[in-house]
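# Tertiary structure, described
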Amino acid sequence: MDLKDSVRDIAKRASVAKGTAETEEATKQGVILPFIRALGFDIFDLSQVVPEFNSDVGTKKGEKVDYALKIDGEIVMLVEAKPVTVDLGEAQYNQLYRYFSVTDAQIAILTNGIEVWFFSDIDEKNKMDKRPFFRFSFEGYDEDDVRELAKFHRERFNIDVILRTAAALKYTTSAASYLKEQLADPSDDFVRLVGKQIYDGNLTKSVIEQLREPVRSAFENVIREKIQEKLTAAFADSSEQEEVPETSDEPVADDGIVTTDEEIEAFYIVRSIVSKAVPSDRVFMRDAKSYCSIIFDDNNRKPICRLHFNSKSVKYIGIFDDEKKETRHEIERPADIARFEDSLIETVKRYE
């Protein structure tokens, strides 16, 4: 199977392991070895995969890193495994850190079977960075993540290509994480940075508190507008490509259902959001008198969300939990649907 299919299979294994694998060895057998195999390495060939790799480092004798991956006899990646129950953000990986500096490997992997963190020596040569340049999660990935993961496949492995993009990827990921935090809860420093551009007086503590919510709201509005611009352009392109049906002189029954422009716009927004997890052609819209449904695989029993746009004074989007119980959330316009990206993606993943 190709890498995309392999990743899908491992994601299922990871989900099972999360509830059953309590030890590092169980995690290795259930998820990590299948992952190494998906990268094109023969896990039974010691010339490609060396388990319990030992290379004494200084005074640290007998320490081992879980796997050394080889290509043409050269170590290209080191892998340290942790139990699926371990949070990688709190994990200790001293062996991996020390081994990185004494082997030829320029890629180090830390994984618990759910997340896979890739490290290199971007900040200081021959010294493993403290932060990964790429993080892959089997619980939430998109096509771009799989394409990035493909660079580490044995048949495509090119360290020069990987390292050329690693720095940009690391800093882009870190910047995105920081901006996401600021969008949720702007720090004093961030508010002060923006405040210098919009406030003429002294930025005292009380002024910063006064500006915090306007800064957060402005930040959110800018993101919404950017999303709206892209979706409007995509919608226009799609409309131009649609064939106009032939007209007929026969009367059409009036069922009282009117699909509005806002509902169509919202449909394209939802389809764009969930396309990060599933093919967009599996997302359908069915309108009714009281609400408009957006469903998966054209199946009413697989609701993604509902649009309650019929009221002239207020609009709602209905979000479904894992028991298909709907909760309505008030929105002002279709672009606000972007706030529910995580929930929508979780919903379609349940139907996979």
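What counts, and at which threshold
Residues numbered from 1 in each chain as written. Predicted model: local features only at pLDDT ≥ 70, side-chain atom pairs only at ≥ 80, totals over all residues. Heavy atoms only, no water. Helix = DSSP H or I, 4+ residues; strand = E, 2+ residues; numbered from the N terminus. Buried < 20%, exposed > 50% of the residue type's maximum accessible area, 1.4 Å probe, protein only. Contact = heavy atoms within 4.5 Å. Areas by Shrake-Rupley, 256 points an atom, 1.4 Å probe, with all protein chains shown as cover. Core = buried A, V, L, I, M, F, W, Y, C linked by side-chain atoms within 4.5 Å. pLDDT = per-residue confidence, 0-100. Pairing = 2+ DSSP bridges. Axes fitted to C-alpha atoms, helices over the stretch in contact; angles between N-to-C directions.

### Here's the deal with the overall build of the protein chain
Along the backbone of the protein chain there are nine helices and 11 strands. Counting every position in the protein chain, which comprises 352 residues, the buried fraction comes to 39%. The long-range fraction of contacts in the protein chain, counting pairs at least 24 apart against all pairs at least 6 apart in sequence, stands at 50%. Accessible surface computed for the protein chain: about 20,500 Å², of which carbon and sulfur atoms make up 47%.

### A closer look at the nonpolar core
Nonpolar side chains in soluble globular proteins tend to be buried together. One finds Ile36, Phe41, Met77, Ile107, Phe118, Phe138 and Phe152 to be the most contacted residues of the largest nonpolar core, which totals 41 residues. Other than its neighbours up to four places away in sequence, Phe152 contacts Leu39, Phe41, Met77, Ile107, Phe118, Phe133, Phe134, Phe157 and Ile162.

### Brief notes about the confidence of the model for the protein chain
Mean pLDDT for the protein chain: 84, with 89% of residues reaching 70 or above. This model gives residues 240–254 a pLDDT under 50, and the stretch forms one contact once residues within four places in sequence are excluded.

### Some points on the sheet that holds strand β10 (residues 315–320)
Pairing is antiparallel in the open sheet, where five strands are placed in the order β7-β8-β9-β10-β11. The strands lining the two open edges of the sheet, one partner per strand, are β7 (283–287) and β11 (326–331). Taking the axes of each pair of neighbouring strands and ignoring which way they run, one obtains an average angle of 30° across the sheet. Inspection of the sheet shows strand β9 (residues 299–308) paired to β10 by four bridges, in the antiparallel sense. Looking across to β10, one finds that Leu307 is bridged to Ile317. Most of the contacts of helix α8 (residues 261–274) go to β7, to which it runs at about 155°, and overall it touches β7, β8 (292–296), β9 and β10.

### Some words on the sheet that holds strand β4 (residues 107–111)
Strands sit in the order β1-β2-β3-β4-β5-β6 across an open sheet of six strands; the sheet is mixed. Of all the strands in the sheet, the pair left with one neighbour each is β1 (49–54) and β6 (134–137). When the angles between neighbouring strand axes are averaged without regard to direction, this sheet yields 25°. As judged from the four bridges shared by strand β5 (residues 115–119) and β6, these two strands associate in the antiparallel manner. Bridge assignment links Trp117 to a residue of β6, and that residue is Arg135. Packed onto the sheet, helix α3 (residues 94–102) meets β1, β2 (64–71), β3 (74–81) and β4 and runs at close to 170° relative to β3.

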